[in-house]
Amino acid sequence: MAQLWKGRFKKELAKETNDFNSSIKFDSRMYAQDIQGSIAHATMLGAAGIIDQNESNKIVQCLSEIYNDIKSGSLNIDMEAEDIHTFIEGELTARLGQTGKRLHTARSRNDQVALDIRLMLRNEIDKITEKIKELISVICNKAGENKETIMPGYTHLQRAQPITFGHHLMAYAAMLCRDLDRLKDVKKRMNVCPLGSGALAGTTYPLDRNMVAELLGFDDISANSLDGVSDRDFCIELAAALSLIMVHLSRFSEEIIMWCSWEFKFIELDDAFSTGSSIMPQKKNPDIAELVRGKSGRVFGDLTTLLTVMKGIALAYNKDMQEDKEAIFDAVDTVKMCLNAFTPMIDTMTVIKENMRNAAAKGFINATDCADYLVSKGLPFRDAYKATGELVAICIDKGLTLETLPIEEYKAVCDLFDKEVYTAISLEKCVNDRLVAGGPSAGSVEKQIEKAMSFIK
Ligand code: ARG
């Protein structure tokens, strides 16, 4: 396939150079965006009288035919082409002759590619947004079913204070709501049209940049032509937002992996979302969660790639920037793939409430509430803390829990104790007295669910 830039060269491009230089293998996926951008450009060229209106119409018509032909499979993208822009323009010219050659008036592949990636990624943001909303809604659903399911809350992976499984799940909904917000914010800065920047210095043609921006659904046009062609902040911002999504999914995955282990057995994954071992017949492994945890590494790698590619390159376009696409597309694809598997895995998991409750009964997770009880009797918190610590030590010695320790033992440590302490340290009361907004009481979790659900509406 011929290059677009033949005129000044005397020799053919070496095959190795073409293989190395070509981006068609990864930018062909932008064919729809490339055509969409060219249709808007050609429409504006006609309207502004830069090319003949009749020729503009022909180009627009032919571009949509090319789109349909690629989509239906009747036209194959030539993998020998330098890039998708070259291929589409070549095909247009093959079909229209002279008229096709007018499309690239007042345009460079530099502003063209900057446009195509923006069109592509803003669409991907919408898809990922939908998938995250789905996950949030699945989480809210599970949280609603488990707003009274008592489990130990942890710090340092040591049992700390009683919470509910619903409360724990809603922490992930909160993270994912922030992720949605970040994606929206990234899209805002991404949704700016660079077309008209030309190669770097704009153009002498009387372009109507605002018309193109409007036709393509952009909020604005880029402010400076050098920046217009060489800005890839939006790729980096998106990779950063996607990295945080993966941080959240990997933390959730880690907990799923722990909770499925026989050491916890808080949940059981559906068979459809687990795998076995080729040698150990008893095994049921949480591979999906492990893979999601592992794939977070790819996305962080993509972010690092983009930052490193863009660091220190002089204005304006440099070929380094062709490296943006594989990295950001990989990040987008990975996040989508993870969400596709993760959401139904959460949706179908079984919660083993008794095991959560049993784990909550051990580990003295009501010790803070025991100390608070003494505070309610007038003891300063620091003294109450110390007395309760002594009680815990006695329990450990005797193999008892705060619930089973006789009242005489309590009174021996502090005479402010009486039998009501057993009510004060009941796990149900510990959870449901935490009425504070954002806390684990059933009412508070209900409000968290309402808030997350209205956020995704
Ligand atoms: N394939 C190129 C890229 O992805 C398109 C822009 C080419 N521009 C150029 N001046 N060689 O960056």
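What comes next concerns the included structure.

Conventions used here
- Residues numbered from 1 in each chain as written.
- Predicted model: local features only at pLDDT ≥ 70, side-chain atom pairs only at ≥ 80, totals over all residues.
- Heavy atoms only, no water.
- Helix = DSSP H or I, 4+ residues; strand = E, 2+ residues; numbered from the N terminus.
- Rg over C-alpha atoms; globule rule 2.2 N^0.38 Å.
- Buried < 20%, exposed > 50% of the residue type's maximum accessible area, 1.4 Å probe, protein only.
- Contact = heavy atoms within 4.5 Å.
- Areas by Shrake-Rupley, 256 points an atom, 1.4 Å probe, with all protein chains shown as cover.
- Lys, Arg positive; Asp, Glu negative; His and termini not counted.
- Charge placed at Lys NZ, Arg CZ, Asp CG, Glu CD.
- Core = buried A, V, L, I, M, F, W, Y, C linked by side-chain atoms within 4.5 Å.
- Phe/Tyr/Trp six-rings, centres within 6.5 Å; stacked < 30°, edge-to-face > 60°.
- Lys NZ or Arg CZ within 6 Å of the ring centre and 35° of its normal.
- Near = heavy atom within 4 Å.
- Polar contact = N/O pair within 3.5 Å; in protein donor to acceptor, adjacent residues only side chain to side chain.
- Nonpolar A, V, L, I, M, F, W, Y, C, P; charged D, E, K, R; others polar.
- Axes fitted to C-alpha atoms, helices over the stretch in contact; angles between N-to-C directions.
- Parallel < 35°, antiparallel > 145°, perpendicular 65-115°, else oblique.
- Left-handed = near helix turned anticlockwise from the far one by under 90°.
- Expected span 1.5 Å × (residues − 1).
- Salt bridge = Lys/Arg side-chain N within 4 Å of Asp/Glu carboxyl O.

### Examining the overall build of the chain
Next, step 1: Along the backbone of the chain there are 19 helices and six strands.
Next, step 2: Relative to the compact-globule value of 23 Å for 457 residues, the chain shows a C-alpha radius of gyration of 30 Å, a clear excess of over 25%.
Next, step 3: Counting only C-alpha atoms, the chain reaches 100 × 55 × 40 Å along its principal axes.
Next, step 4: The 457 residues of the chain split such that 49% are buried.
Next, step 5: Relative to all contacts within the chain whose residues are 6 or more apart in sequence, the contacts with residues 24 or more apart total 75%.
Next, step 6: Summed over its atoms, the accessible surface of the chain is roughly 21,600 Å², and 53% of this surface lies on carbon and sulfur atoms.
Next, step 7: Separation of charge centres in the chain, based on 55 positive and 66 negative side chains, amounts to 1 Å.

### Looking at the nonpolar core
Next, step 1: Ranked by internal contacts, the top residues of the largest apolar core, which has 75 residues, are L121, I136, L238, L242, I256 and I267.
Next, step 2: Broken down by secondary-structure element, the contributors of at least two residues to this core are α6 (109–145), α7 (165–190), α10 (233–260), α11 (287–310), α12 (324–348), α13 (353–361) and α19 (442–456).
Next, step 3: Sorting elements by how many residues they give to this core places α10 first, with 15 residues.
Next, step 4: Residues within four places of L121 in sequence aside, it is in contact with M190, F234, C235, L238, I328, F329 and V332.
Next, step 5: With 32 residues, the next largest nonpolar core counts A40, M44, I84 and C193 among its residues.

### A look at the packing of aromatic side chains
Next, step 1: The tally for this structure, following the rule as stated, stands at 10 aromatic pairs.
Next, step 2: Taking 6.3 Å as the distance between ring centres and 55° as the angle between the ring planes, the aromatic pair formed by F381 and Y385 counts as tilted. Of this pair, F381 and Y385 both sit in helix α15 (residues 381–398), four residues apart, roughly one helical turn.
Next, step 3: Among the aromatic residues, ring-to-ring pairing joins Y373, Y410, F417 and Y422 into one connected group.
Next, step 4: Across the ring face of F218, the terminal group of R122 is positioned such that the distance to the ring centre comes to 4.7 Å.
Next, step 5: In this arrangement the basic side chain of R382 is found over the ring face of Y385, its NZ or CZ atom lying 4.8 Å from the centre.

### Observations regarding the environment of T105
Next, step 1: Secondary-structure assignment places T105 in the loop between α5 (84–96) and α6.
Next, step 2: Sequence spacing of T105 and H167 is 62 residues, and the spatial spacing of their C-alpha atoms is 59 Å.
Next, step 3: Dropping the residues within four chain positions of it, T105 is found in contact with H41, L45, I50, I51 and Y205.

### Overview of the side chain of S274
Next, step 1: Structurally, the position occupied by S274 is in the loop between β5 (267–268) and α11.
Next, step 2: The residues touching S274, leaving out its near neighbours within four places in the chain, are L269, K284 and N285.

### Overview of unusual backbone geometry
Next, step 1: The residue after L315, namely A316, is reached through a cis peptide bond having omega 0°.
Next, step 2: Tracing the sequence through the fold places A316 in the loop between α11 and α12.
Next, step 3: Phi is positive for A106, close to 65°, though the residue is something other than glycine.
Next, step 4: Counting through the fold element by element, A106 comes out in the loop between α5 and α6.
Next, step 5: Phi is positive for K265, close to 50°, though the residue is something other than glycine.
Next, step 6: Along the chain, K265 falls in the loop between α10 and β5.
Next, step 7: Assessed through its relative accessible area of 10%, K265 is described here as buried.

### Overview of the site of the ligand
Next, step 1: Near the ligand the following residues occur: S23, D27, D83, H85, R109, N110, V113, Y317, Q322 and K325.
Next, step 2: K325 is positioned such that a nitrogen or oxygen atom in its side chain is 2.5 Å from an oxygen atom of the ligand.
Next, step 3: Here the ligand has 340 Å² of accessible area as a free molecule, and 86% of this is covered by the chains.
Next, step 4: Broken down by element, the shell around the ligand gets its largest block of residues, three residues, from α6.
Next, step 5: Across the shell around the ligand, the residue classes break down as two nonpolar, four polar and four charged.

### Remarks on the environment of T368
Next, step 1: Of note, T368 is situated in helix α14 (residues 367–376).
Next, step 2: With 21 residues separating them along the chain, T368 and G389 place their C-alpha atoms 9.6 Å apart.
Next, step 3: Reaching out from T368, the side chain makes a polar contact with the side chain of Q161 at a distance of 3.0 Å.

### Looking at the packing of α11 against α12
Next, step 1: Running from N to C, α11 and α12 point in directions that differ by 160°, and their axes come no closer than 9 Å. On the basis of their axis angle, the class for α11 and α12 is roughly antiparallel. In the crossing of α11 with α12, the sense of the turn from one axis to the other is left-handed. Across the interface between the two elements, I288, A289, V292, K295, R298, V299, D302, T305 and L306 of α11 pack against D324, A327, I328, D330, A331, T334, V335, M337, C338, A341, F342 and M345 of α12.
Next, step 2: Partitioning the contact of α11 with α12 into residue classes produces 14 nonpolar, two polar and five charged.

### Let's talk about α6
Next, step 1: For α6, spanning 37 residues, the distance from its first C-alpha to its last is 54 Å, which sits close to the expected 54 Å at 1.5 Å a residue.
Next, step 2: Between a side-chain oxygen at the N-terminus of α6 and the backbone nitrogen of N110 the separation is 2.8 Å; the capping residue is S108.

### Quick look at the pattern of salt bridges
Next, step 1: What the rule picks out here adds up to 32 salt bridges.
Next, step 2: Ionic pairing is found between D324 and R232, a salt bridge with its closest N-O pair at 2.7 Å. Here the residue D324 occupies a position in helix α12, and R232 occupies one in the loop between α9 (225–230) and α10, the gap between them amounting to 92 residues.
Next, step 3: The exposure class assigned to D324 is buried, which follows from its relative accessible area of 1%.
Next, step 4: Among the ionic pairs, K325 bridges to D324, the shortest N-O distance being 2.9 Å.
Next, step 5: Taking relative accessible area as the criterion, K325 reaches 3% and is therefore assigned buried.
Next, step 6: Counted as one network, the salt bridges with shared partners bring together R29, E124, K127, D333 and K336.

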